[in-house]
Amino acid sequence: MHEAGAVAAAIDEAFEAWPSLASDGRMAVSIVDPTRAEASAVEFYARALLGELGLDGMTLSVRTEPVACELCGAASVPTPVEPCCEACGAPLPRSTGPAIVCGPDEGADTIASGVR
Ligand SMILES: [Zn+2]
């Protein structure tokens, strides 16, 4: 997956949904599908994009949501390189929505109820 495009889309949507985000100076980046996006790459692209927007000073908190295994139910935090259950090795389900969601840094609840 190309994290750069997904990060750009997520940041665009966040600034549209929360116009005060730029002045807040804090952004939460949530990786909702870790089989398609990897935290260090996401942070790298998010920093680069915010820099282009003149928001270098923005605080980023990147959070990776665990994925539940369909076979054994264990929660894993996989990587795109190895999108498998840490407990049983089964391939993890991929979500069809965006892999990354951005929003105000006020905790996961705000992001979950935000615009997708
Ligand atoms: Zn499993």
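It should be noted that the structure appears before, not after, this text.
Model, not experiment: these values are computed from the prediction.

Conventions adopted
- Sequence order sets the numbering: in each chain, residues are counted from 1 along the sequence as written.
- The predicted origin of the model limits local features to residues at a pLDDT of at least 70 and limits the giving and counting of side-chain atom pairs to 80 or more, whereas totals for whole chains, interfaces and linings rest on all residues.
- To define axes, lines are fitted to C-alpha atoms, for helices over the stretch in contact only, and angles between the resulting N-to-C directions are given on a 0 to 180 degree scale.
- To qualify as a helix, a DSSP run of H or I must reach at least 4 residues; to qualify as a strand, a run of E must reach at least 2; elements of each kind are numbered from the N terminus.
- Convention used here: angles under 35 degrees read as roughly parallel, angles over 145 as roughly antiparallel, angles from 65 to 115 as roughly perpendicular, and any remaining angle as oblique.
- When the near helix sits turned anticlockwise from the far one by under a right angle, the crossing is termed left-handed; a clockwise turn instead gives a right-handed crossing.
- Placing a C-beta atom from the backbone of each residue, one calls two residues in contact when those atoms lie within 7 Å.
- Lys, Arg, Asp and Glu make up the charged group, whereas Ala, Val, Leu, Ile, Met, Phe, Trp, Tyr, Cys and Pro make up the nonpolar group; the residues left over, Gly among them, are polar.
- Put simply, a nonpolar core is a cluster of buried Ala, Val, Leu, Ile, Met, Phe, Trp, Tyr and Cys residues tied together by C-beta atoms within 7 Å.
- Remark: C-beta atoms are placed from the backbone, and a residue is labelled buried if 20 or more other C-beta atoms sit within 10 Å of its own, exposed if 12 or fewer do, or partly exposed between those counts.
- Strands are labelled as partners when DSSP assigns at least two bridges between them.

Novice: I'm lost on the packing of helix α1 (residues 3–17) against helix α3 (residues 39–52) in this one. Help?
Specialist: Working note: a packed helix pair is described by the angle between its axes plus the distance between those axes. Running from amino to carboxyl end, α1 crosses α3 at an angle of 55°, the nearest separation of the two axes being 9 Å. The angle between α1 and α3 falls in the class oblique. The two elements α1 and α3 cross, and the hand of that crossing is right-handed. Here α1 contributes E3, A4, V7, A8 and I11 to the contact with α3, which in turn contributes A41, V42, Y45, A46 and L49. Taken together, the residues of the contact of α1 with α3 sort by class into 9 nonpolar, no polar and 1 charged.

Novice: Hey, could you run me through the nonpolar core in this one?
Specialist: It is characteristic of soluble globular proteins that their nonpolar side chains tend to be buried jointly. Grouped together as the largest cluster of nonpolar side chains are 19 residues, with contacts concentrated most on V7, A10, V29, V42, I100 and C102. Put simply, the parts of the chain that give this core at least two residues each are α1, β1 (26–31), α3 and β5 (100–104). Considering each element in turn, this core owes the most residues, 5 residues, to α1. Once residues within four sequence positions are removed from consideration, V42 is found in contact with E3, V7, V29, I31, A37, V62 and I100.

Novice: Please clarify how the sheet that holds β1 should be interpreted in this entry.
Specialist: Through backbone hydrogen bonds, the strands of a sheet pair up, either in parallel or in antiparallel fashion. With respect to topology, 3 strands assemble into an open sheet ordered β2-β1-β5, the strand pairing being mixed. Edge strands, defined here as strands with exactly one partner in the open sheet, are β2 (59–64) and β5. In this sheet, adjacent strand axes meet at a mean angle of 20° when their direction is disregarded. Across 5 bridges, β1 lies against β5 in antiparallel orientation. When the bridges of β5 are listed, A28 appears paired with G103. Contacting β1 and β5, α1 runs over the sheet at an angle of about 30° to β5. In this fold α3 packs onto β1, β2 and β5, with an angle of close to 155° to the strand it touches most, β2.

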